[in-house]
Amino acid sequence: FVAKRQGRPLGTYSASMREEVSQRHQMQQDLAEAIKLAQLTMAYQPIWDNRSGRVAKLEALVRWYHPHWGQVSPADFIPLAEEAGLIQGLGALVLWQSCRDLARLQQSGFPDLQMSINRSTLEFQTIDPEANEWLRVIRHFGLDPADIIIEITESLLMESSDQHRVRIDALREAGCKLAIDDFGTGYSALNYLRTFPVDLVKIDRSFVRHIPFNEQDRLLLDGIINIVHNLGMQVVIEGVETREQLNFLCQKGCAFTQGYLLSRPLPYDDLVEYLTLNRQGMNLANLTTVS
Ligand code: C2E
Ligand code: MG
Ligand code: MG
Ligand code: MG
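All figures in this text were calculated on a predicted structure; none of them were measured in a lab.

Student: Would you take a moment to explain the overall build of the protein chain for this structure?
Tutor: Counting its secondary structure elements, the protein chain contains 11 helices and 9 strands. Projected onto its principal axes, the C-alpha coordinates of the protein chain cover approximately 70 × 50 × 40 Å. Taking all 291 residues of the protein chain together, 47% fall into the buried category. When contacts within the protein chain are restricted to residue pairs at least 6 apart in sequence, long-range pairs at least 24 apart make up 67% of them. Surface summary for the protein chain: the accessible area is close to 14900 Å², and the carbon and sulfur share equals 51%. Computed over 28 positive and 36 negative side-chain charges, the separation of the two mean positions in the protein chain equals 2 Å.

Student: Just checking my understanding: could you explain the site of ligand 1 for this structure?
Tutor: The local shell around ligand 1 holds 21 residues, among which Arg-63, Asn-118, Asp-181, Glu-241 and Tyr-260 are the closest. The side chain of Asn-118 places a nitrogen or oxygen atom 2.9 Å from an oxygen atom of ligand 1. A distance of 2.5 Å separates a nitrogen atom of ligand 1 from a polar side-chain atom of Glu-241. Protein contacts shield 84% of the accessible area of ligand 1, which totals 800 Å² for the unbound molecule. Structurally, ligand 1 is housed in the largest pocket. Sorting the residues of the shell around ligand 1 by element identifies strand 2 (54–66), helix 3 (74–83) and strand 6 (177–183) as the ones contributing at least two each. The element contributing the most residues to the shell around ligand 1 is strand 2, with 4 residues. Here the residues of the shell around ligand 1 sort into 8 nonpolar, 5 polar and 8 charged.

Student: Would you explain the coordination of the magnesium ion (ligand 3) in this entry?
Tutor: For a metal with four tetrahedral donors the ideal donor-metal-donor angle is 109.5 degrees, while six octahedral donors give ideal angles of 90 or 180 degrees. All of the protein donors around the magnesium ion (ligand 3) are Asp-181 (OD), Asp-182 (OD), Glu-238 (OE) and Glu-238 (OE); their distances to the metal are 2.2 to 2.4 Å. Between the two metals, the magnesium ion (ligand 3) and the magnesium ion (ligand 2), the spacing is 3.9 Å, and Asp-181 donates to both.

Student: What should I look at first to understand the packing of aromatic side chains in this one?
Tutor: Inspection of the entire model under this criterion finds 3 aromatic pairs. With a centroid separation of 5.6 Å and an interplanar angle of 85°, the aromatic rings of Trp-64 and Phe-77 are classed as edge-to-face. Remark: Phe-77 occurs in helix 3 and Trp-64 occurs in strand 2; sequence separation between them is 13 residues. Judged by relative accessible area, Phe-77 falls into the buried class, the value being 1%.

Student: Any chance you could explain helix 3 here in plain terms?
Tutor: An α-helix turns once per 3.6 residues; consequently, residues spaced three or four apart project the same way. Among the residues of helix 3, Phe-77, Leu-80 and Ala-81 are the ones counted as buried. Axial view of helix 3: buried residues confined to an arc of 100°, hence all on one face. Exposed and facing more than 90 degrees away from the buried side of helix 3 are Ala-75 and Glu-83. Where helix 3 is buried, its residues contact helix 2 (15–36), strand 2, strand 3 (70–72) and helix 4 (87–107). Where helix 3 begins, one side-chain oxygen reaches toward the backbone nitrogen of Ala-75, 3.0 Å away; that side chain belongs to Ser-73. Just downstream of helix 3, Gly-85 is the residue with a positive phi angle, here 70°.

Student: Looking at this structure, how should I read the coordination of the magnesium ion (ligand 2)?
Tutor: In this structure, Glu-59 (OE), Asn-118 (OD1), Glu-151 (OE) and Asp-181 (OD) serve as the protein donors to the magnesium ion (ligand 2), at separations of 2.0 to 2.3 Å. Ordering the donors of the magnesium ion (ligand 2) by residue number gives the pattern E-x58-N-x32-E-x29-D.

What counts, and where the lines are drawn
Residues numbered from 1 in each chain as written. Chains lettered and ligands numbered in written order. Predicted model: local features only at pLDDT ≥ 70, side-chain atom pairs only at ≥ 80, totals over all residues. Heavy atoms only, no water. Helix = DSSP H or I, 4+ residues; strand = E, 2+ residues; numbered from the N terminus. Buried < 20%, exposed > 50% of the residue type's maximum accessible area, 1.4 Å probe, protein only. Contact = heavy atoms within 4.5 Å. Areas by Shrake-Rupley, 256 points an atom, 1.4 Å probe, with all protein chains shown as cover. Lys, Arg positive; Asp, Glu negative; His and termini not counted. Charge placed at Lys NZ, Arg CZ, Asp CG, Glu CD. Near = heavy atom within 4 Å. Polar contact = N/O pair within 3.5 Å; in protein donor to acceptor, adjacent residues only side chain to side chain. 1 Å grid on protein atoms, 1.4 Å probe; cavity = no way out; pocket = protein on both sides within 12 Å on 5 of 7 lines; lining within 4 Å. Sits in = over half its atoms within 2 Å of the grid points. Nonpolar A, V, L, I, M, F, W, Y, C, P; charged D, E, K, R; others polar. Donors = N, O, S within 2.8 Å, 3.2 Å for Na, K, Ca; no water. Phe/Tyr/Trp six-rings, centres within 6.5 Å; stacked < 30°, edge-to-face > 60°. Arc of directions from axis to C-beta.

See below:
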């Protein structure tokens, strides 16, 4: 109706598009409100050390329960937050809760756990060059920065601006570990490993999906694991859902796995229960493949 009155052809901005835009706008407002009221929560997914059979690290994954839409996926609301300039506030809330919970865990019988925290590339554009904004939070909870892993994506490496590099160097100088997330989904990924100081490489779950049945995929994954290990970096395989996949990875000497087979992301209380149950190491016989 509006379009017609302004003399533009109908259909360039249809009612459904208008609805979608206003829905998006509403979602952004709701997200802004939820961040302000600290209503976002965290789930933690165990990362398993294949050699010791124990949980070595946790990945912090943000959760948003919308009063009307229910659980919204971070794959949907993280881009929304980036678009709406909300990612800094969201990231600060995530860092605060993750550090608080890691400190609680370390003090209640799990002193060796590390926490892996996702950071959006945009966040590196706004924190101070010394990354004190983040280091202060880490230290506020009495944590050793060496127990914090910062997960970045290949997009950050692709931009490879000095601005990002300065902040990453500051974090690493303080002791923080650096991980590349979703490795292998971007462009010429291997090249970055030569030039970037990374401690951990998280292989995207698309590489493990057809393991062990597809020979091509088996060779590829084996090769990537070898390259990363030879460069002196640790490997985490994401999205491990079956016993067969885990067996393959153990055979290949891959130390760390993460996936629904071992555990879904868990709210804090469930995590404590899980960690307590598996304190002596995971009982592999209890694992059931995700269907
Ligand atoms: P990601 O960092 O690659 O996190 C792993 C995602 O894979 C999580 O999805 C996790 O639940 C899922 N996953 C783990 N194991 C399995 C498995 O065996 N099978 C399958 N199919 N999926 C598995 P989630 O929690 O929905 O998060 C999606 C993405 O949203 C994350 O991918 C990350 O990019 C982003 N994200 C989540 N939390 C945060 C955050 O606090 N800050 C930022 N900047 N991004 C976040
Ligand atoms: Mg991640
Ligand atoms: Mg990932
Ligand atoms: Mg990701």
